[in-house]
Every structure is written in structure tokens, then in C-alpha cells.
Amino acid sequence: MENSIDVTTLFLCDPCDCELLLEQLKNNKVIRRSLLYFFYWGRNNVTSKFKRTIEKPMKISTVTNPRHGVFRIYYNQASTKYDNQLKMVNWWTGRLFSSPALPPADAVYNNFNGQIFKVPVFHAPPWHFVHQYNKSVIEVTGGRDHKLLILLAEKLNFRYEYFDPPDRSQGSGVGNNGSFKGVLGIIQRREADFFLGDVTVTWERQLGVEFSVFTLADSGAFITHAPRRLSETFALLRPFKWQVWPAVLATVVISGPTFWAAASGSALWRPLRSPPAPTLSTCVWFITSIFLRQSGRSPSNSGRARALVLLLSLAATYVLAGVYSATLTSLLAKPAREPPLVNLFALERAMIHSGYSLFVERHSSSLAILQNGTGVYGRLWNLMRRQRIYAVKSVEQGVRKMLQTPDSPVALLAGRETLFFNSKRFGVSSFQLSEKLYTRYSAIAMQQGCPYLNIFNKVLMQLFEAGILTKITLEEYEKLRDSGMEVPSTARSTGTNEDKVSKPNSNENLQKLEPINMRMLQGAFYVLIFGYIISGVALFVEFQKKNRAFVLRKKLKFSPFERFESLKGALAKFKSRLRTRWRAATALSEVSIDFVE
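Residue positions are counted from 1 within each chain, in the order its sequence is given. Selection of residues for local features in this predicted model requires a pLDDT of at least 70, selection of side-chain atom pairs for listing and counting requires 80 or more, and totals for whole chains, interfaces and linings are taken over all residues. Note that water and hydrogens are dropped before the side-chain values are worked out from all heavy atoms of the structure.

Engineer: Can you break down the overall build of the chain residue by residue, with the values?
Structural biologist: Only DSSP runs of H or I reaching four residues or more are called helices, and only runs of E reaching two or more are called strands; each is numbered from the N terminus. A tally of regular secondary structure across the chain gives 19 helices and 18 strands. Between buried and exposed lies partly exposed: a residue is buried under 20% and exposed over 50% of the maximum accessible area for its type, with that area taken using a 1.4 Å probe on protein chains only. For the chain, the residues scored as buried account for 39% of the 597 residues in total. Whether two residues are in contact is decided by their heavy atoms, any of which lying within 4.5 Å being enough. Intrachain contacts of the chain at a sequence separation of at least 6 include 68% that bridge at least 24 residues. Only the protein chains shown count as cover for residues, with accessible areas throughout obtained via the Shrake-Rupley method and a probe of 1.4 Å. Total accessible area on the chain is roughly 36,600 Å²; 59% of this is exposed by carbon and sulfur atoms.

Engineer: Tell me about helix α10 (residues 344-353), and please be specific about residues and values.
Structural biologist: Those residues of α10 not exposed but buried are Leu344, Ala346, Leu347, Glu348, Ala350 and Met351. Where the residues of α10 are buried, they touch β11 (216-225), β12 (357-361), α12 (376-384) and β14 (410-415). Polar contact is the term for a pair of N or O atoms within 3.5 Å; when the atoms are in protein, one must be able to donate a hydrogen and the other to accept it, and sequence-neighboring residues count only if both atoms are side-chain atoms. By the N-cap criterion, in which a side-chain oxygen at the helix start approaches the backbone nitrogen of a residue two or three places on, α10 is capped by asparagine 343, the distance to phenylalanine 345 being 3.3 Å. Positive phi shows up at glycine 355, right after α10, with a value of about 75°.

Engineer: So, empty space enclosed by the protein: which residues are in play, and what are the values?
Structural biologist: Two kinds of site are reported from a 1 Å grid over the protein atoms alone, namely cavities, where a 1.4 Å probe fits but cannot get out, and pockets, open sets with protein on both sides within 12 Å along at least five of seven lines, and residues are called lining when an atom falls within 4 Å of a point. Grid points are joined across faces, edges and corners, and a volume is the space filled by probe spheres set on the points. One pass over the full model with this rule turns up one cavity of 30 Å³ or more. Of the volumes computed, that of the largest cavity is approximately 240 Å³. Lining of the largest cavity is provided by 22 residues; of these, Gln170, Asp198, Glu361, Val395 and Thr418 occupy positions nearest its centre. For the lining of the largest cavity, the secondary-structure elements that each account for two or more residues are β9 (194-200), α11 (365-372), α13 (395-404), β14 and α14 (416-426). Each residue gets one of three labels, nonpolar for Ala, Val, Leu, Ile, Met, Phe, Trp, Tyr, Cys and Pro, charged for Asp, Glu, Lys and Arg, and polar for the others, Gly among them. Taken together, the residues of the lining of the largest cavity sort by class into seven nonpolar, 11 polar and four charged.

Engineer: Could you give an account of the environment of glutamate 396, naming the residues involved and the relevant values?
Structural biologist: With respect to the helices and strands, the residue glutamate 396 is situated in helix α13. Taking relative accessible area as the criterion, glutamate 396 reaches 5% and is therefore assigned buried. Sequence separation between glutamate 396 and serine 423 is 27 residues, and the spatial gap between their C-alpha atoms is 9.5 Å. At a separation of 3.4 Å, a polar atom in the side chain of glutamate 396 contacts the side chain of arginine 425.

Engineer: Before we move on, could you go through the confidence of the model for the chain and cite the residues and values that matter?
Structural biologist: Residue-level confidence of the predictor is what pLDDT reports, using numbers from 0 through 100. Summing up the model confidence of the chain, the mean pLDDT is 79 and the portion of residues at 70 or higher is 78%. For the stretch residues 484-510, pLDDT sits under 50, and the model shows 51 contacts to residues farther than four places along the chain or on other chains.

Engineer: Could you give an account of the packing of aromatic side chains, with specific residues and numbers?
Structural biologist: We call Phe, Tyr and Trp rings a pair once their centres come within 6.5 Å, taking the six-membered ring for Trp, and we label the pair stacked below 30 degrees between planes, edge-to-face above 60, and tilted otherwise. Taken as a whole, this structure holds 23 aromatic pairs when the rule is applied. Measuring from ring centre to ring centre gives 5.8 Å for tyrosine 109 and phenylalanine 112, while their planes differ by 40°; the resulting arrangement is tilted. Residue class for tyrosine 109 comes out buried when judged on its relative accessible area of 1%. Residue class for phenylalanine 112 comes out buried when judged on its relative accessible area of 1%.

Engineer: So what's going on with the pattern of salt bridges? Residues and values would help.
Structural biologist: Whenever Lys or Arg places a side-chain nitrogen within 4 Å of a carboxyl oxygen from Asp or Glu, that contact is recorded as a salt bridge. Tallying each qualifying case throughout the model produces 13 salt bridges. Lysine 26 is the partner of glutamate 55 in a salt bridge, and the nearest nitrogen-oxygen pair spans 3.4 Å. In this pair, glutamate 55 is assigned in the loop between α2 (48-53) and β2 (59-67) and lysine 26 in helix α1 (residues 15-27), connecting sequence segments 29 residues apart. When its relative accessible area of 27% is taken as the criterion, lysine 26 is described as partly exposed. Between lysine 147 and glutamate 475 there is a salt bridge, and its shortest N-O distance comes to 2.9 Å. Placement of the pair is lysine 147 in helix α4 (residues 144-156) and glutamate 475 in helix α16 (residues 468-482), with a sequence separation of 328 residues. With a relative accessible area of 26%, glutamate 475 lands in the partly exposed category. Where salt bridges share partners, they join Lys147, Lys471, Glu475 and Glu476 into one cluster.

Now the structure itself:
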């Protein structure tokens, strides 16, 4: 704020009006670190009601004039011990006793002298591991942000008290009045001092609370079930994807005319000495039979044609068949899996066509991004609203729900570090983590106008530059390996002391290579049955076509010329028959006369 425009407003009023003015500033939440309020009381003392109205984040300074030529300056942020006390920090008798007039915040809050802060906390691994006893007593056993708070308390000499917030969620802006739910609502109402726990910095949240420098540079992501194994029934057909057929057909189409050109080349140059060239259709069918691995006689015996036939035969045998055999063997030995969901567009298609459901943590920044987003985020939000339930209490609960229903199409959107940590807890082989979707920064949430924000930022920058923040984050992942994947969980719902979930052995989840068996080759029999069906259909079509051609040929109408020729032929046949009958009758009569004689 050093380069901003300075504005000074002077109020001339009675002391009772000063009390009313301070009450209005408090009720309208006009409390900012950049606003400093001066009140002039003259010879009167500051009233107790005015002091009771003062809150710690408000920067209040009063000036009194106890006697002529002497002015005393009081300030409420001159000490860390009291919240609403005014302490004399300077005076004026022609010049100021010390400069600057008010002590800077860095000099006041570099040591809190054992001040106690109220900090809300709830179970959210790996940031906090919380146990609850008898539904009232909580115990924080570890976590990245718990270690960070310990370092801050040691550096700035303060103490802290954890308490269980009523709504165990971070909170997002709701309503037109800017009120928040969850822990951020408690910070906004000044019922707690600050909150650590992977709080994402958003513009909406900055309207109600202030944030320190970032404690973690993270990104958004979503998690789904690991890709399932595809059915082995169609393993034989899986290598034949539609992208292969255009290239195969193009090869056959080009090879046929090429073979015809090679076979007819000598006939074109030496037409008298060379045998007649084969037709184009004969060459195309011959090349097709080669690629189908069928024997046949070459329509040409020229040297170029023989060389081309040999080249195509080798290509069909050692390239196409070899590549297909190797691909098929690898698919049968290590069965294929369905394609994973790695981005939001693939998730959107899965929600539309495959019935996927998307869940987010309630009152989280991920939910706010979907609600306020456009493009693919807006479309995902419209699809989510059709679901019966789309919010979960915590990321851990969402991951547990996915683990309990391995066959349900479910996706969970949250911070990538949180999802990665929980996937390592419950079994990496059971989940599929998407690519990075957007950048998100986590920080400490504090009250508006927090006077010690700058000193917190200074310590956090020192921890970040020294690599300590990265180190304590990696330590939480190392605990997973050292503890044998036994993870403590909150027992709020059951009231027990501890609930442990063991990750299954990762070696058991890995799919081992299996030898080829008849179950894997059952797809060949389906292919054979399919070929028989096609052959039967083709035979039936040919038979029907032949019968139809025969019927049409019999029903065909002749032209007048054809009718005349047909009638002429019929008359000739009739005349020939009459002549034959007449001759036979004449010969019979002669034989009869001779017999009578």
C-alpha cells in the first residue's frame, strides 16, 4: 500500500459520536490493514465504552491534549498482550518524541510473548491427522500443516489451541451478503484467529478472509478407478482397429494396378514377341489373393511381375502376419485395459455416454470452480446437478467410497497432492490420477485486517527458501512406506479410538503374465462362426439372384423381328413333321398293295 493514494478524513464530533462511529465501522466490517483511524479527544479521557468497541485487527489511534502544548498519542496495536487496550506510544511538545509516530507491525509482532491463538482443525490427510475421543476431545497426531504450525509457534513465540469446528469443511462463499460456511466462515466472524489446512486461494474467498503467501503450489486433478481389463473374448479382433483398414485397402488398391503395369509393360513395348497382357481385374484379384494368403496361378510370367509377386508375398508374410502375431501374443499374454480418463474432455464424454458420476468435497474450492466456471467446467457442473448426490464430506471419504465400489463409474475432483497422497495410502494400483488441470495455491487463512500477516509472510518465505516446507511435505509420504501402509483414520462416526485401514499388498494387485490358454483363444471360434454366417448369406444371395434371373429370362418379351423369326422356325418344324408323316403314309400304302397282290 506504499504506492497507493493516501486519503485522510477528519471527523469533528463529540466523544459519544466517536463511540457511535467506531461501532458503525465494526458492524459494516470496514476493517483493513491499510486503514488507520485517528480520534482526537482533547482534554477528555478515552471512555471505557470506546475501548470495549475496539477489536484487535482495527488500527485505532487516539490523541489527547492533557495540557497546553502537550499531545499524547495512544495506539491499540502497540503490544501483543491486549486486544482492546490503548497504550501511549508517543507524545508531542513541539516535535515528536520518537519517529515514526506509531510503532511498525514488524517490530511489535516479532514476538507474541506466549499469546494463545484459537485454531480450528479437522481430519484431512496429509495436512492434519486428527483423532477424536468421546465425540468431544480431539488430538492432532501429525500432518504437514501441523508441523508448519509448530515451526511458526517456535519462531514467533506463541501458543495455539485446536478446536473442532461445527462444520468440518473449508467453506465457500454463499449468498449475496458474502457470508461463508465452514471454517472460513468462523475466520470471517472472528471466532478464530487463523486456519491451516490446504486452503486454496480464490478471489471469492479473498472477499471474506485474508491469505498469507502460499504454502503449497499445487494443481487441480481428478481420480478414477484404474482401467479395468477388457474381455479376452475379443482379444483376437482387438488388433484390427478401424485405423488399420484404410491403409490395408490403399495397399491392395495400389498394388493391383502396379502389378498390371509390370505385367503388361513388355507387351506394350514388344507386342509381337510377348504373350498377351492380363486384364486389370485379373491382376487386382490375384493381388488380393496374395494378401489373403491364398494360392493361385500368376497371370503373367514376366520378370518384373515375378519380382513384384515375390516382394508382396514376403511383405504379407513377414510384415503383416508377423506384426499381427506379435501384437496378438502380447495382448493375450498381458490382457489389454480400457483407455484411462486423463483430462476433463474425456471425463465429460464418460459422464455422457458411460454413466460416470463426478464428486467433489463440499464447500471446497473445487466445487466453487465448477459452480462459477465456464466452458467444460460449466458443462460438467450441469451434468453433476443431475446426480442425486455430488458432494462428499472429505476427500478421504470420497476415496474410501471409490475403493468400496470398484465397479462403479465414479470420479473425484480435488487437489492433486491430496489425491496422490490418498491413492498411495489405499493402493496406487487401484486408482488412475489425471493430468494437471489448473494451478492452485494454498495459504494460511487469516482475519481481514490481521496485523501480524506480514511477519507470518516473512517466516513462511524463510521456510520456503530454505526448503523446509518441501521437506516436511515429503516426510508425510515417507511415513507411508515406513509404516507398512497402515494409516490411522478419524473415528468420529464410531467413537472408537482408532480406525486403521491397511493397504493391500501391491504385488498382489499387479497382473502377472499368464500363458496362453483356450479361454483366451475363444475369439477365433467366434471369428470362424462369423465367417460361416457370411458365407451362408452370400450363398443364399447368389441362389436367389440366379433364380430371379431365370424367372426374368422366361418372362422376357420378344421384339417383332424376334417373334417373326420364332414363328418362321416353328412353321419350318411343322412343315418338316408333315412331310415326314406323308412319306411314312405313302410307304405304308405301297406295302399294302403289294401284299394284296
